[in-house]
Amino acid sequence: MYRLNLKQIPNAERLEKVIKESKGTVLLKLPNNELYNLKEEEMGTQLLRVLVPGTDGLDIQVSEGEDFIQFVSYMVNAAS
């Protein structure tokens, strides 16, 4: 499992597209250790839209290396 920590979500629509296009599992891990499968659970996607990452950020876990690369690309392009 590959882990990412998002400190901000500058383009939520693009992030949702990256999630939907992922080939493997994409999980959102909340501070209370609850996990939501962002590809299958609507509640997780809704949480992603309304949560503010804060100082600890939001933890995203992906199962495939190719998906990890797409998330890193999203973060790099969102920052530029």
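Computed from a prediction, not measured in an experiment: that's the story for all the values here. (Residues numbered from 1 in each chain as written. Predicted model: local features only at pLDDT ≥ 70, side-chain atom pairs only at ≥ 80, totals over all residues. Heavy atoms only, no water.)

## What to know about the overall build of the protein chain
Counted only if it meets this: We count a stretch as a helix when DSSP gives it H or I for four or more residues in a row; a strand needs E for two or more, and each element gets its number in order from the N terminus. Based on C-alpha atoms, the radius of gyration is set beside the globule rule, defined as 2.2 Å times the residue count to the power 0.38.
Summing up its helical and strand segments, the protein chain has 3 helices and 4 strands in all. Across the protein chain, helices and strands are ordered from the amino to the carboxyl terminus as β-α-β-β-α-β-α. A compact globule built from 80 residues would reach a C-alpha radius of gyration of about 12 Å, and the protein chain, at 11 Å, matches this within 12%. Taken along its principal axes, the extent of the C-alpha atoms in the protein chain is 25 × 25 × 20 Å.

## Some points on the side chain of Gln61
Stated precisely, the cut-off is as follows: Here, residues are in contact when the closest pair of their heavy atoms is within 4.5 Å.
Structurally, Gln61 can be placed in strand β4 (residues 58–62). Ignoring any residue separated from it by four or fewer positions in sequence, one finds Gln61 in contact with Met1, Tyr2, Arg3, Thr25, Val26, Leu27, Lys29 and Leu35.

## So, the environment of Leu28
Here is the rule: Each residue's exposure class comes from its accessible area (1.4 Å probe, protein chains only) as a fraction of the maximum for that residue type: buried when under 20%, exposed when over 50%, partly exposed otherwise.
Looking at where Leu28 falls in the secondary structure, it is placed in strand β2 (residues 26–29). For Leu28, a relative accessible area of 0% corresponds to the buried category. Taking the C-alpha atoms as reference, Leu28 lies 8.0 Å from Leu48; in sequence the two are 20 residues apart. Sequence-distant contacts of Leu28, defined by excluding residues within four places in its chain, comprise Glu34, Leu35, Tyr36, Leu38, Gly44, Leu47, Leu48, Leu51, Leu58, Asp59 and Ile60.

## Overview of unusual backbone geometry
At Asn33, a position not held by glycine, the phi torsion is positive, near 75°. In this structure, Asn33 sits in the loop between β2 and β3 (35–37).

## Some details on the pattern of salt bridges
Our working rule: Counted as salt bridges are all cases of a side-chain nitrogen of Lys or Arg within 4 Å of a carboxyl oxygen of Asp or Glu.
Counting across every chain of the model gives 2 salt bridges. The salt bridge partner of Glu21 is Lys17, with a shortest N-O separation of 3.8 Å. Of this pair, Glu21 and Lys17 both sit in helix α1 (residues 12–21), 4 residues apart, which is roughly one turn of the helix. Overall, Lys17 belongs to the partly exposed group, its relative accessible area being 43%.

## Observations regarding the side chain of Ser22
Here is the rule: In the analysis that follows, any N or O atom pair within 3.5 Å is treated as a polar contact, provided that within protein one partner can donate a hydrogen and the other can accept it, and provided that, for residues neighboring in sequence, both atoms belong to side chains.
You can see Ser22 is positioned in the loop between α1 and β2. With relative accessibility at 5%, the residue Ser22 sits in the buried group. Within the local environment of Ser22, its side chain forms a polar contact with the backbone oxygen of Val18, the two atoms lying 2.8 Å apart. Beyond its immediate stretch of four places on either side in the chain, Ser22 contacts Lys39, Asp67 and Phe71.

Without other data, these values stay purely geometric and don't point to any function.
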